[in-house]
Amino acid sequence: MTGLFRRPADRLAEAAPGWLLETVRPARARPHWRAMARVAASVTIPLVAGWAAGRITLGLLPAMGAMAAALADRGGSYRARIIRIASAAAGGAAGYMIGHAVRGLGWWTVPVVVVVSVVSALVSTSGAAGSLSALQLLVMTVLGIGVPYPQTSLAGALAYLLGAAWALVLSVAAWPVRPRAAEEAAVGQVYRELGHLFEEPGPDRAVALAAFDTTLKNAYETVFGARSSAAGPDQERTRLVALLNQASQTRHALVSLNQENREPPTEIARVVRAVSVALSGGDPPAGTPRCEAGSPALRALRSAVEEAVELVSGADVTAGQLPYERVGYGARLRSAWERMRHGHLTRVYTIRLALCMGAAAAISELHWIQRSYWTMLTVALVLKPDFGSVFARALQRGIGTVVGAVIGTVVLSVVPYGPAILIPIAVFAALLPYGQQRNWGLMSTFQVPLVVLLVDLLTGAGPKLAEIRLVDTLIGCAIVLLLGYLPWPANWQAPVGPRFADAVSATARYLRHAFDRDDPRRALLHREAFDALADLRTVFQRALTEPPMVSRRVTTWMPAMTALEHVADATAATVARTDHGAPPPSGEAVRAAAKSLDDIAESVRAGRPAGDRPEPVGDDTLERVDHAVRGLHATLSEAATR
């Protein structure tokens, strides 16, 4: 039977274009059973409470608030999770009050939807919490306009917040028992990835390095997000931060060792694995690594691992083991405000979202289709407040909606109206986190029947509701593609170039200060450079899901990205050697190499070919960095001549 279905599926996959398969293919992920159970309980318990009170629809708004809050919980420190959930809840409650207030005002709802869309787009630039709040603001404004909830404006908002509060309680239930669980898990994952670096052969090490850098960046975000909430010094979290810094130093020492054509000692690899076991609750390593340190790179590697062993064994943290601190709230707010005022992508996105939402709101007032508020809802979800691939989300959501609508029709046909509907609601709610892990389309496959079932509790429309949902959603996807995607040239030029220039500039700033051990900015600039590279990889991978005319242009950046990674790695590896006995480079040579990087960044921003090939800096210590910089220049020059 399996082979019967596999053959047509294989033929379909062979017939479909490769870029299309990459766009809709779900990512691999293991089910997170706890998260799935938590979302199911978050959504269904309010409905059970409403049923027990005599009217199941009383639990509808709390269930929707709980669903939004549960999906806003993306992991991380408890503090970060609380902020994201609270932001989503506040945005949703405000949106419900706005939508409920203008419901039934006819064409006046169109400008209201446009204004809310503009506010949503601007708020979304403030970060992850702002994006979630902006999305729920827009979604609940649409639902407040289109769905005849029995609650008043204030009562409905309070009911929504009550459901979100219930989901929040479930999300942070383990806080009293393990207050640092997320931070410890993040650091432990970093050391597991670090262990893989010891095992990967030379040709495969670049992939392992990229995976490690992404894991390290996420771990810093998790630990710093929790640490900033502590009232005063927190020794345990400080220790975790120091462990992350030692993992970073170990990574650079491994790169330096590879440049010396040496393999890392097996004893050090064993100790690193023991550190990861200790961070997962096991015993700390029995001792520090014992190996000869015959070169600066070996000394750097042994020193970094020794300090990690001491930290995991309970030693005090020294000042030199601490990396940079996160910027303060004032600086973050100023940065968000500057992005809102001057960001080109923000302005374009705001106009696109307002245009598409206005068109969808106008169509809803023409009464051409039933429950046309779902068209507005689709536009809001596909043009989600971030700068991801609109094309991929529209395509994935369209496919997911078709499948989900069929599933919803079957469920409504089989399950009678009433409490029995809670069973499939619980199942689909539990599947939402799993779909969220895989891709936008698979989440839509589970979300569509769930929303259909929730709305059917209020309207009792039956199987016809899923068909209406399908038509309205496809119209919404068409609006996004025709008004929010195709007419905008920026959509056909993925923003890899600007992000690449930013990463080159960040690498240049790090290089200028990298060899001054007393410079307090050195650690901060180091992390900024490698964070910029991690962000660049994310933008690149996202752009690959665009149609061929975009993705083919994006792939031309791959050699330059690899060359830039070589510059960053060569810099960090040279720093590791000079910190452990190798002679430092001259200041003049460092400034010359950094200026070459600045010139490259400026050329990329201006859209012109790189200038004359940089002259060798003439410093043996900086030879690898100089070679990597000139290699980056040559790669960009070669790409410009094609």
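J.: Give a description of the overall build of the protein chain that names residues and reports values.
T.: Summing up its helical and strand segments, the protein chain has 26 helices and zero strands in all. Here the protein chain, with 642 residues, has 54% of them falling under the buried criterion. Contacts in the protein chain between residues at least 24 apart in sequence constitute 78% of all its contacts with a sequence separation of at least 6. Surface accessibility of the protein chain: about 28400 Å² in total, with carbon and sulfur atoms responsible for 60%.

J.: If you had to explain helix α16 (residues 373–382) to someone new, which residues and values would you point to?
T.: Of all ten residues in α16, ten are buried; the element is thus mostly enclosed. Every buried residue belonging to α16 is among Tyr-373, Trp-374, Thr-375, Met-376, Leu-377, Thr-378, Val-379, Ala-380, Leu-381 and Val-382, and all of these are buried.

J.: Quick one: what's the story with the side chain of Asp-519, residue by residue and with numbers?
T.: Topologically, Asp-519 is positioned in the loop between α21 (496–513) and α22 (522–543). Owing to a relative accessible area of 12%, Asp-519 belongs among the buried residues under this scheme. Here the side chain of Asp-519 touches His-513 through a polar contact of 2.7 Å, side chain to side chain.

J.: Now, about empty space enclosed by the protein: what can you tell me, with residues and values included?
T.: Evaluation of the coordinates by the stated rule reveals one cavity of 30 Å³ or more. In this structure, the largest cavity is lined by Ala-592, Ala-593, Ser-596, Pro-614, Glu-615, Val-617, Asp-626, Val-629 and Arg-630. Sorting the residues of the lining of the largest cavity by element identifies α25 (587–606) and α26 (623–640) as the ones contributing at least two each. Grouping the constituent residues of the lining of the largest cavity by class yields five nonpolar, one polar and three charged.

J.: An account of the packing of helix α4 (residues 60–72) against helix α8 (residues 153–171) is needed here, citing residue identities and associated values.
T.: Relative orientation of the contacting elements α4 and α8 amounts to 45°, with a least axis distance of 6 Å. With respect to each other, α4 and α8 are oriented oblique. Relative to α8, α4 is oriented so that their crossing is right-handed. On α8, the residues touching Leu-61, Pro-62, Met-64, Gly-65, Ala-66, Ala-68, Ala-69 and Ala-70 of α4 are Gly-156, Ala-159, Tyr-160, Gly-163, Ala-164 and Ala-167. A breakdown of the residues in the contact of α4 with α8 according to their chemical character gives eleven nonpolar, three polar and no charged.

J.: Report on the side chain of Thr-109, specifying residues and quantitative values.
T.: Relative to the helices and strands, Thr-109 resides in helix α6 (residues 109–123). For Thr-109, a relative accessible area of 3% corresponds to the buried category.

J.: How would you explain the environment of Pro-31 if you had to name every residue and give the values?
T.: By the secondary structure assignment, Pro-31 is in the loop between α2 (18–24) and α3 (33–52). Residue Pro-31 is classed as partly exposed on the basis of its relative accessible area, which comes to 31%. C-alpha separation for the pair Pro-31 and Pro-433, spaced 402 residues apart in sequence, amounts to 8.2 Å.

J.: Outline the nonpolar core, supporting the account with residue identities and numerical values.
T.: Ranked by size, the top nonpolar core spans 75 residues in total, and within it Leu-143, Met-357, Ile-425 and Leu-454 carry the most contacts. For this core, the element with the most residues is helix α19 (residues 440–459), which contributes ten residues. Apart from residues no more than four positions distant in its own chain, Ile-425 is found in contact with Val-43, Thr-44, Leu-47, Leu-450, Leu-453, Leu-454 and Leu-457.

J.: How would you summarise the pattern of salt bridges if you had to cite specific residues and measurements?
T.: Overall, the coordinates contain 17 salt bridges when judged by the stated rule. Asp-579 serves as the salt-bridge partner of Arg-517, at 3.6 Å between the closest nitrogen and oxygen. Of the two residues, Arg-517 is situated in the loop between α21 and α22 and Asp-579 in the loop between α24 (558–578) and α25; the sequence distance between them amounts to 62 residues. Classification of Asp-579 as buried rests on a relative accessible area of 16%. Via salt bridges that share partners, Asp-213, Arg-251, Arg-537, Glu-565 and Asp-569 belong to a single interconnected network.

J.: Describe the confidence of the model for the protein chain, naming the residues involved and giving the relevant values.
T.: Detailed reading of the predicted coordinates is not advisable wherever pLDDT falls low. Here the protein chain averages 77 in pLDDT, and 77% of its residues register 70 or above. Every residue in residues 321–328 is under pLDDT 50, and counting partners more than four places away or in other chains gives 26 contacts.

J.: Help me get a handle on the environment of Val-223, residues and values and all.
T.: Summarising the element assignment, Val-223 is placed in helix α10 (residues 205–227). C-alpha separation for the pair Val-223 and Leu-240, spaced 17 residues apart in sequence, amounts to 7.3 Å. The residues contacting Val-223, other than those within four sequence positions of it, are Glu-183, Val-187, Arg-237, Leu-240, Val-241 and Leu-244.

J.: A description of a nonpolar patch on the surface should follow, citing residues and the corresponding values.
T.: A grouping of Ile-399, Val-402, Val-403, Val-406, Val-410, Val-414 and Leu-474 is seen on the molecular surface, where their side chains present a nonpolar patch of about 570 Å² in accessible area. A total of six residues in the nonpolar patch trace back to one element, the largest contributor, which is helix α17 (residues 390–414). Mapped onto the fold, Ile-399 is located in helix α17. What makes Ile-399 partly exposed here is its relative accessible area of 43%.

J.: Help me get a handle on the packing of α21 against α24, residues and values and all.
T.: Following both chains from N to C, one finds α21 and α24 inclined at 15°, their axes separated by 11 Å at the closest point. Taken as axis vectors, α21 and α24 run roughly parallel relative to one another. Where α21 crosses over α24, the handedness of that crossing is left-handed. Of the residues in α24, those in contact with Phe-500, Ala-503, Val-504, Thr-507, Tyr-510 and Leu-511 of α21 are Ala-560, Met-561, Leu-564, Val-567, Ala-568, Thr-571, Ala-572 and Val-575. Along the lines of polarity and charge, the residues of the contact of α21 with α24 split into twelve nonpolar, two polar and no charged.

J.: I'd like a description of the environment of Val-575, backed by residues and values.
T.: When you line up the elements, Val-575 lands in helix α24. By relative accessible area, Val-575 is classed as buried at 7%. A C-alpha to C-alpha distance of 9.1 Å links Val-575 and Ala-253, two positions 322 residues apart in sequence. Every residue in contact with Val-575, bar those within four places of it in the chain, is listed here: Tyr-510, Ala-514, Phe-515 and Arg-522.

Conventions used here
- Residues numbered from 1 in each chain as written.
- Predicted model: local features only at pLDDT ≥ 70, side-chain atom pairs only at ≥ 80, totals over all residues.
- Heavy atoms only, no water.
- Helix = DSSP H or I, 4+ residues; strand = E, 2+ residues; numbered from the N terminus.
- Buried < 20%, exposed > 50% of the residue type's maximum accessible area, 1.4 Å probe, protein only.
- Contact = heavy atoms within 4.5 Å.
- Areas by Shrake-Rupley, 256 points an atom, 1.4 Å probe, with all protein chains shown as cover.
- Polar contact = N/O pair within 3.5 Å; in protein donor to acceptor, adjacent residues only side chain to side chain.
- 1 Å grid on protein atoms, 1.4 Å probe; cavity = no way out; pocket = protein on both sides within 12 Å on 5 of 7 lines; lining within 4 Å.
- Points joined across faces, edges and corners; volume = space filled by probe spheres on them.
- Nonpolar A, V, L, I, M, F, W, Y, C, P; charged D, E, K, R; others polar.
- Axes fitted to C-alpha atoms, helices over the stretch in contact; angles between N-to-C directions.
- Parallel < 35°, antiparallel > 145°, perpendicular 65-115°, else oblique.
- Left-handed = near helix turned anticlockwise from the far one by under 90°.
- Core = buried A, V, L, I, M, F, W, Y, C linked by side-chain atoms within 4.5 Å.
- Salt bridge = Lys/Arg side-chain N within 4 Å of Asp/Glu carboxyl O.
- pLDDT = per-residue confidence, 0-100.
- Patch = residues over 30% accessible without salt bridge, like charges linked within 9 Å, V, L, I, M, F, W, Y side chains within 5 Å.

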